[in-house]
Amino acid sequence: MKLAVLGTTGVMRIDGAARSILDNTGVEIPHAEMLSLFRKAGAEVDESSHRVRIPSALVDECLSAAGKTFAIYGRDRSRRAAFGSGQRNYNSIAGEAYWLDSDGRRRFASLDDVVTASKLVDVLPAVNIAGAMSDPHEIHVSHRCVDVAAAMLRTTTKPITFWFHDRPGAAYIVELFRVLSGSDKDLAEFPPAYPFLEPISPLRFPRNGIDLLFETCKVPLPVPIGPMAQVGLSAPGTLAGTIAQETAELLAGVCVTQLIRPGTPVCFGGIPHAFDMRSTQMIFAGPEQGLMAVAMTEMGKHYGLPVYINVGLTDSKCVDAQAGLEISSTLLMGALAGADIFGHLGIAGVDQASSLEMLVFQHEAIEYVERIMRSFEINDETLALDLIDQLGPGGSFIAEEHTVRHFRREVWIPSILDREYWAAWADGGRKTSADRVKERLESLLASYVPHPFDDNVERE
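It should be emphasised that the depicted structure is a prediction, and the values quoted were computed from it without experimental measurement.

Conventions we followed
- Residues numbered from 1 in each chain as written.
- Predicted model: local features only at pLDDT ≥ 70, side-chain atom pairs only at ≥ 80, totals over all residues.
- Heavy atoms only, no water.
- Helix = DSSP H or I, 4+ residues; strand = E, 2+ residues; numbered from the N terminus.
- Expected span 1.5 Å × (residues − 1).
- Contact = heavy atoms within 4.5 Å.
- Pairing = 2+ DSSP bridges.
- Axes fitted to C-alpha atoms, helices over the stretch in contact; angles between N-to-C directions.
- Patch = residues over 30% accessible without salt bridge, like charges linked within 9 Å, V, L, I, M, F, W, Y side chains within 5 Å.
- Areas by Shrake-Rupley, 256 points an atom, 1.4 Å probe, with all protein chains shown as cover.
- Salt bridge = Lys/Arg side-chain N within 4 Å of Asp/Glu carboxyl O.
- Buried < 20%, exposed > 50% of the residue type's maximum accessible area, 1.4 Å probe, protein only.
- Phe/Tyr/Trp six-rings, centres within 6.5 Å; stacked < 30°, edge-to-face > 60°.
- Lys NZ or Arg CZ within 6 Å of the ring centre and 35° of its normal.

1. A closer look at helix α18 (residues 433-446)
Then, number 1: With 14 residues, α18 extends 20 Å from end C-alpha to end C-alpha; this agrees with the ideal 20 Å at 1.5 Å per step.
Then, number 2: The inward-facing, buried residues of α18 contact α4 (111-123), α13 (356-374) and α17 (422-427).

Structure representation (structure tokens):
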């Protein structure tokens, strides 16, 4: 099963438009060392405005140099997320300023929340990258990312994701990773995380976001690049124009990584969003989100890169019918398009707060979609003609060995969705999806088993 919206002609039109934007309009890069690298590589650089115009030949050179397959690994190296190899990966959000408690109260997020989120993802089967979910309010931003990384490494054996802040913080984090890995060679081969480079639409790059790459690219850690251009606000009011601009920003980001260190693995983070002119709020999960996610997947695959898209999200603030509609429809579109990773999961509304309940609900949607993506086999065994002939008209298949052998694989069994008879549902307290999510969350957290470091690693 495969879904596309651009096709070959559309991909080439978008590619040509993106290259034209880079060559004629350019991007703003407020980083002296990076400007020097672009100038030496043949780009047109305006020092006074920090404007860089990137010729198409340089784009091709950097695309050719970029690493196109990579993986990130947990402390348990069997728990990994592979990119560019056909695997679908899922991660919880790298961090939000607010946290939504189970009673619906919203508050500033804390380091304790990082630990709780890491415990949950450690036991969620389908989410294979643990996101911090919290940007701890009580820790000064200068060293927040270091404390977050350490807390996650102590708690989960899965690969992790969180927000890097600046170059000094990145240097400390690389040291943490080196202690975990045991050597520079092992760290390069089994990186536990990656820094996320987020261009600021339209056509600008953050200084710190580029600066910290000079530390992480020494390893090198892989770099997902993900601008969040918004239709009609920070990008044109058309989907085609937004996709063209976002592609230009991504290609510029590829050039940034390869000029710092050729061969650095990258991920094409095509995560544009629509914009609601009534509420002046970004839209996480409208139908346009699915369309643009499919289109950006086509663009990334055209360049031979693994692709990151924002699907499986919701504009709803709680687990409800709206959340179910938006999460499942966009996630299915992204999976059918062939993207490599889907995130950031666990957000209530548009960056309104992190929610463990929402993440558990999204996990159910992931399992639903994964069952669809597995499709089904057609062969002599599954067609079961002999059994159909044997039982004949009016027969029952429920007690047959063939049924026992196949039903668990053929029919997905949910953890949360309700399939009870009316009487059983009513006698059980008439529980809603939200009620069942809370129960499931409590059960999952209770199943977590700690993974302490040995004393030497903890001391380091």
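On we go.
2. A few points about the sheet that holds strand β1 (residues 27-28)
Then, number 1: Taking strand neighbours across the sheet as the criterion, the three strands line up as β1-β3-β2 in an open arrangement whose pairing is antiparallel. The open sheet has two edge strands with one neighbour each: β1 and β2 (44-46).
Then, number 2: With three bridges connecting them, β2 and strand β3 (residues 51-53) associate as antiparallel partners. What sits directly across from Val45, in β3, is Val52.
Then, number 3: Here helix α1 (residues 7-25) sits on the sheet in contact with β1 and β3, set at roughly 130 degrees to β3.

3. Regarding the environment of Gly42
Then, number 1: When you line up the elements, Gly42 lands in the loop between α2 (32-40) and β2.
Then, number 2: When the C-alpha positions of Gly42 and Ile416 are compared, they lie 56 Å apart, and in sequence the two are 374 residues distant.

4. Points about the sheet that holds strand β15 (residues 307-309)
Adjacent strands of a sheet pair through backbone hydrogen bonds, lying either parallel or antiparallel.
Then, number 1: Strand order in the open sheet formed by five strands is β6-β16-β15-β12-β11, with parallel pairing between adjacent strands. A single partner strand is all that each edge strand has here, and the edge strands are β6 (89-92) and β11 (223-225). Between one strand and the next, the sheet's axes are offset by a mean angle of 25 degrees, whatever the strand orientation.
Then, number 2: As judged from the two bridges shared by strand β12 (residues 266-269) and β15, these two strands associate in the parallel manner. Bridging from a neighbouring strand, Gly269 pairs with Tyr308 of β15.
Then, number 3: With respect to the sheet, helix α11 (residues 287-302) is in contact with β12 and β15, its orientation differing from that of β15 by roughly 165 degrees.

5. Some points on a nonpolar patch on the surface
Then, number 1: A cluster of nonpolar side chains, namely Phe376, Ile378, Leu383, Leu385, Ile388 and Phe397, defines an oily patch on the protein surface of about 630 Å² accessible area.
Then, number 2: Tracing the chain through its elements places Ile378 in the loop between α13 and α14 (380-383).
Then, number 3: A relative accessible area of 64% places Ile378 in the exposed class.

6. Observations regarding the packing of aromatic side chains
Then, number 1: A full pass over the atoms with the stated rule returns twelve aromatic pairs.
Then, number 2: Ring geometry for Tyr73 versus Phe190: centroids 4.9 Å apart, planes at 85 degrees, classification edge-to-face. On the criterion of sequence distance, the pair formed by Tyr73 in strand β4 (residues 70-73) and Phe190 in the loop between α7 (184-189) and α8 (207-211) is long-range, its members being 117 residues apart. With respect to class, Tyr73 is no different from Phe190; both count as buried.
Then, number 3: Judged by centre distance (5.5 Å) and plane angle (70 degrees), the ring pair of Tyr368 and Trp412 falls under edge-to-face. Taken together, the residues Tyr368 in helix α13 and Trp412 in the loop between α16 (401-410) and α17 connect sequence positions 44 residues apart.
Then, number 4: Assessed through its relative accessible area of 15%, Trp412 is described here as buried.
Then, number 5: Aromatic ring contacts, followed pair by pair, group Phe70, Phe83 and Tyr194 into a single cluster.
Then, number 6: A cation over an aromatic ring shows up here: Arg106 above the ring of Tyr98, its NZ or CZ 4.0 Å from the ring centre.

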